[in-house]
Amino acid sequence: MFSNAAFIGMDKSDSSISMPVQRVTKPVYIAHYQGSGIDLSTSDMSQLNSFHSQLYRYEFNNIRTSTIGEDITLDGEIVWVDVKNKMRSNAFKINAHGKHLGDTAALSYKVHSDPEMEVWVGTMMLHMPRSGPATGYWMTIHHDKDPAKTGPFSMGTINVDRITNIERHTY
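Remember, predicted model here, so these are calculated numbers, not experimental data.

Observations concerning the sheet that holds strand 7 (residues 153-160)
Pairing within the open sheet is antiparallel, and its seven strands lie in the order 1-2-3-4-5-6-7. The strands lining the two open edges of the sheet, one partner per strand, are strand 1 (56-68) and strand 7. In this sheet, adjacent strand axes meet at a mean angle of 25° when their direction is disregarded. Relative to strand 2 (residues 71-82), strand 1 is paired through 11 bridges, and the arrangement is antiparallel. Looking across to strand 2, one finds that Asn61 is bridged to Glu77.

So, the pattern of salt bridges
Overall, the coordinates contain two salt bridges when judged by the stated rule. The residue Asp71 makes a salt bridge to Lys99 at a minimum N-O spacing of 2.5 Å. With Asp71 in strand 2 and Lys99 in strand 3 (residues 89-101), the pair connects residues that are 28 residues apart, well separated along the chain. Judged by its relative accessible area of 42%, Asp71 is partly exposed. On the accessibility criterion, Lys99 (39% relative accessible area) is partly exposed. We note a salt bridge from Arg88 to Asp82, for which the minimum N-O separation is 2.8 Å. Here Arg88 falls in the partly exposed class, since its relative accessible area comes to 37%.

Observations regarding a nonpolar patch on the surface
Taken together, the side chains of Tyr137, Met139, Ile141, Phe153 and Met155 make up a nonpolar region of the molecular surface, amounting to roughly 470 Å² of accessible area. Listed by contribution, the elements that provide at least two residues to the nonpolar patch are strand 6 (134-141) and strand 7. The element contributing the most residues to the nonpolar patch is strand 6, with three residues. For Tyr137, the position within the fold is in strand 6.

Focus: the nonpolar core
Proteins that are soluble and globular tend to have nonpolar side chains buried together. Ranked by size, the top nonpolar core spans 22 residues in total, and within it Ile94, Leu107, Tyr109, Val111, Met124, Leu126 and Ile158 carry the most contacts. Those elements giving two or more residues to this core turn out to be strand 1, strand 2, strand 3, strand 4 (104-112), strand 5 (119-127), strand 6 and strand 7. The contact partners of Leu126, leaving out residues within four places of it in the chain, are Asp103, Thr104, Ala105, Leu107, Thr135, Gly136 and Ile158.

Here is what the cut-offs are and how they apply
Residues numbered from 1 in each chain as written. Predicted model: local features only at pLDDT ≥ 70, side-chain atom pairs only at ≥ 80, totals over all residues. Heavy atoms only, no water. Pairing = 2+ DSSP bridges. Helix = DSSP H or I, 4+ residues; strand = E, 2+ residues; numbered from the N terminus. Axes fitted to C-alpha atoms, helices over the stretch in contact; angles between N-to-C directions. Salt bridge = Lys/Arg side-chain N within 4 Å of Asp/Glu carboxyl O. Buried < 20%, exposed > 50% of the residue type's maximum accessible area, 1.4 Å probe, protein only. Patch = residues over 30% accessible without salt bridge, like charges linked within 9 Å, V, L, I, M, F, W, Y side chains within 5 Å. Areas by Shrake-Rupley, 256 points an atom, 1.4 Å probe, with all protein chains shown as cover. Core = buried A, V, L, I, M, F, W, Y, C linked by side-chain atoms within 4.5 Å. Contact = heavy atoms within 4.5 Å.

See the structure below:
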């Protein structure tokens, strides 16, 4: 007979076999940091050595946002196309959340295939007024090796036109 410790909720008189209860835990990481930073200068190109060369072009399709108070979510599709081989492309889902303060949106995003065979995360900053287009930048760390042998960071632009305002509610 199995021990009760291994099978929580199993009746000793029950002759059927129960599946063990497994506890799912998330890893916990706690750290303390200290350091410095600077604004990047367009006049000092040496600062760009940490960034990838241009590998892909991106299309943002069917992007839907919802802002409730200061909280914003963004969902849609992103298609990347290899700049050197236009026949090489792939579509992924993009999900993001963050804060929308005034005309500025700061989001943390996740891009993933379906099923989640490939996943990457990043951040985006958008000038996103309540009407009109949204423009800004995204930043991530590429999984792909850069042929130019530069650093792992990648940064790109986002330029999307607002197709319509779907609804406007006051909560």
